[in-house]
Amino acid sequence: MKPSTPFSLQPHNSFALDCFTDRFIEINQLADLEQLTQLSDESFYILGEGSNTLFLESQAPTIIKMDLKGITVNETDDAYVLNVAAGENWHNLVCYCLEKGINGLENLALIPGSVGAAPVQNIGAYGVEFADVCYSVNYYDFTNKQMLELSKAQCQFGYRDSIFKHQYKNKGIITSVTLRLPKVWQPKLSYQGLSDLVPPITAQVIFQQVVAMRSAKLPDPKKIANAGSFFKNPIVSKMQYQQLSQQYGKVPHYPQAEGNIKLAAGWLIEQAGLKGYQQGDVGVHKNQALVLVNYGGGTGDELSQLALFVQQQVQEKFNVNIVPEVRLISHNGEIDFLS
Ligand code: EPU
C-alpha cells in the first residue's frame, strides 16, 4: 500500500484527463485489503485500468488501484475453470486462453480494461457477455473483512449492469473472477460481421475478425483518448420502436427477452447529425458516434458538457433518453447523472 500526494491520474484514465488525487492506494497483495476497511468516511473510487471512467473535475477522490495478478487453470471432465486476479488485463487473458487452446473468450477480444472491471460492467461484445463465461466472482467485503464467493446468479448480471453497481457498490472490492469455459466449444456467430465467416471456423478466426472489426470502428485510446462506448444502448417499448421505424424507416434494433427493444445509440447520435461533431478539444468520433473522444487538451467538464448536448439532441429528435455507460467521477466519488 503506497499513498502519495498529489498523484497524477493522467496515465490511469483512457480519456487522458489531467487530474489528481491526494491518495492513490495500490492493492498488490491480498494483505493490502485489510487497510481498506478504514475508508468508511472517505470518498473513494475503485479503479481498474481507467478505460471506462470519466473524471469530471481536476480533483479526484481517493483512488484504490486494483493490481492483484495471477491466473490459475484447472480442468474438470468437461470444462476449463480459470481463476483470474482482478488486476490482470482482459485482452491479455483472452490471448493467454487462445494460446493454451482454451476457447470461449474470442468474441471479447480487444476490450480495454482489467479483469476486475469485467463483472461490474458485465462487459460484452459481438454476441457474448461476461455473464456467459462467469462461474463466480470473489469479493472482499469491507464491513465484515471477509472474502465472499458470489455465484453468477448472485451477481445479478444485466446489460452493462450487475450487483456491483448497486447493492455492493463501494461495499467491497472484486479480487478475482472464476470463469468456466466448456471443453466442447460452440462458436458464437450471431453478431453482424461474424455470421458470414466462411468455414473452417476456429476460435482464432473469430478472434482475428473481432480484432479487425473493433480496430476499424473504435479509436485506439493510445492514439485518440476515449473510453469506448460513452452511452448505453437504450431499451424502449415495442410501441415506441414501431413509431420510430414508421417515421425513420430501417432502425437498427435488438429485440429483448421481455418484449422490449434495444436501439443502437450510435445510430441515434449519427441520425441526430452529431457523428464527427467537435466542440473545442473534444468530440464525437467520426467512425463510431457512440464514442466520445478527447483530441488532446480536453477536460472532464468539456466532455461532460458534450455528453449532455448529445443526450439533449437525441432526446429532442427521437424522444429517447440515452444514459452514460462510463462511470462519472467527481471529487466526491461517483455520480449517477450528468448535470
Ligand atoms: N451505428 C450507426 N452509426 C454509428 C455507430 C453505429 O449507425 O456511428 C449502427 C451500426 O451500423 C449498427 C448499430 O448501430 O447497425 C450497432 O453498432 P455496433 O455494432 O458498432 O455496436 P454498438 O451498439 O454501437 C455495442 C457495444 C460495444 C461493442 C459492440 C459490438 C454498447 C454500449 N456498446 O456497440 O461495446 O463493442 O456493440 O458488440 O453496448 C463498449 O461497451 O465500450 C463497447 C465498445
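Up top is the structure.
Residues numbered from 1 in each chain as written. Predicted model: local features only at pLDDT ≥ 70, side-chain atom pairs only at ≥ 80, totals over all residues. Heavy atoms only, no water.

A short note on a negative patch on the surface
A surface patch of like charges, here negative, comprises Glu-57, Asp-281, Asp-301 and Glu-302. Mapping Glu-302 onto the fold places it in helix α7 (residues 300-318). Judged by its relative accessible area of 31%, Glu-302 falls in the partly exposed class. (Patch = residues over 30% accessible without salt bridge, like charges linked within 9 Å, V, L, I, M, F, W, Y side chains within 5 Å. Areas by Shrake-Rupley, 256 points an atom, 1.4 Å probe, with all protein chains shown as cover. Salt bridge = Lys/Arg side-chain N within 4 Å of Asp/Glu carboxyl O. Lys, Arg positive; Asp, Glu negative; His and termini not counted. Charge placed at Lys NZ, Arg CZ, Asp CG, Glu CD. Helix = DSSP H or I, 4+ residues; strand = E, 2+ residues; numbered from the N terminus. Buried < 20%, exposed > 50% of the residue type's maximum accessible area, 1.4 Å probe, protein only.)

Overview of the site of the ligand
Residues in close proximity to the ligand total 24 residues, the closest being Tyr-126, Tyr-159, Tyr-191, Glu-270 and Ala-289. Between an oxygen atom of the ligand and a main-chain N or O atom of Tyr-126, the distance comes to 2.7 Å. Here an oxygen atom of the ligand and a side-chain polar atom of Arg-160 are 2.9 Å apart. Contact with the protein chains hides 86% of the accessible area of the ligand, taken as 820 Å² for the molecule alone. Those elements that provide at least two residues to the shell around the ligand are β10 (124-125), α4 (203-217), β15 (225-229) and α6 (265-271). (Near = heavy atom within 4 Å. Polar contact = N/O pair within 3.5 Å; in protein donor to acceptor, adjacent residues only side chain to side chain.)

Some remarks on α4
The end-to-end C-alpha distance of α4 is 21 Å, a good match for the 21 Å that 15 residues give at a rise of 1.5 Å each. For α4, the set of buried residues is Ala-203, Ile-206, Phe-207, Val-210, Met-213 and Arg-214. For α4, the arc enclosing every buried residue in end-on projection is 135°, short of the 170-degree limit, so these residues lie on one face. Check the buried side of α4 and you find it contacts α1 (90-99) and β10. (Expected span 1.5 Å × (residues − 1). Arc of directions from axis to C-beta. Contact = heavy atoms within 4.5 Å.)

Re the packing of aromatic side chains
If you walk through the whole model with that rule in mind, you get 15 aromatic pairs. Look at Tyr-126 and Tyr-191: their rings are 5.1 Å apart centre to centre, the planes differ by 75°, and that puts the pair in the edge-to-face class. Residue Tyr-126 is located in the loop between β10 and β11 (128-129), and its partner Tyr-191 is located in the loop between β14 (172-182) and α4; the two are separated by 65 residues in the primary sequence. For Tyr-191, a relative accessible area of 31% corresponds to the partly exposed category. Ring centres of Phe-164 and Tyr-168 lie 6.4 Å apart, and the angle between their planes is 50°; this geometry places the pair in the tilted category. The ring of Tyr-80 is capped by Lys-183, whose NZ or CZ atom sits 5.3 Å from the centre of that ring. (Phe/Tyr/Trp six-rings, centres within 6.5 Å; stacked < 30°, edge-to-face > 60°. Lys NZ or Arg CZ within 6 Å of the ring centre and 35° of its normal.)

Thoughts on unusual backbone geometry
Here the residue pair Pro-199 and Pro-200 is connected by a cis peptide bond, since its omega of 0° sits within 30 degrees of zero. Among the secondary structure elements, Pro-200 is positioned in the loop between β14 and α4. In this structure, Leu-110 is a non-glycine residue whose phi angle is positive, near 65°. The topology assignment puts Leu-110 in the loop between α1 and α2 (117-121). Of note, the phi angle at Gln-156 is positive, near 50°, even though the residue is not glycine. When you line up the elements, Gln-156 lands in the loop between β13 (146-151) and β14.

Here's the deal with the sheet that holds strand β18 (residues 261-263)
Spatial ordering of the open sheet is given by β16-β18-β17, a layout of 3 strands whose pairing is antiparallel. Here the strands that pair on one side only, and so sit at the sheet edges, are β16 (235-236) and β17 (253-255). Summarising the sheet, β17 and β18 pair through 3 bridges and their orientation is antiparallel. What sits directly across from His-253, in β18, is Leu-263. (Pairing = 2+ DSSP bridges.)

Concerning the pattern of salt bridges
Applying the stated rule across the entire model yields 9 salt bridges. For Lys-183, the salt bridge identified is with Glu-75, shortest N-O distance 2.7 Å. With a gap of 108 residues between them, Lys-183 in the loop between β14 and α4 and Glu-75 in strand β8 (residues 71-75) connect regions that are remote in the sequence. With relative accessibility at 32%, the residue Lys-183 sits in the partly exposed group. Taking relative accessible area as the criterion, Glu-75 reaches 54% and is therefore assigned exposed. Through salt bridges with shared partners, a single ionic network connects Lys-169, Arg-327, Glu-334 and Asp-336.

Notes on the sheet that holds strand β6 (residues 59-60)
Strands sit in the order β1-β2-β6 across an open sheet of 3 strands; the sheet is mixed. Across the chains shown, the open sheet's two edge strands, defined by having one partner strand only, are β1 (7-8) and β6. Here 2 bridges tie β1 to strand β2 (residues 20-21), and the two strands are oriented antiparallel to one another. Across the sheet, Phe-7 pairs through a bridge with Thr-21, a residue of β2.

Considering the nonpolar core
In this structure, Leu-36, Leu-82, Trp-90, Leu-93, Leu-105, Phe-130 and Phe-164 are the most contacted members of the largest nonpolar core, which totals 57 residues. When residues of this core are sorted by domain, at least three fall in each of domain 1 (7-66) and domain 2 (71-211). In this structure Phe-130 touches Trp-90, Leu-108, Ala-118, Pro-119, Asn-122, Ile-123, Val-137, Phe-157, Val-177 and Leu-179, once residues within four positions along its chain are discounted. (Core = buried A, V, L, I, M, F, W, Y, C linked by side-chain atoms within 4.5 Å. Domains from an automatic or database assignment.)

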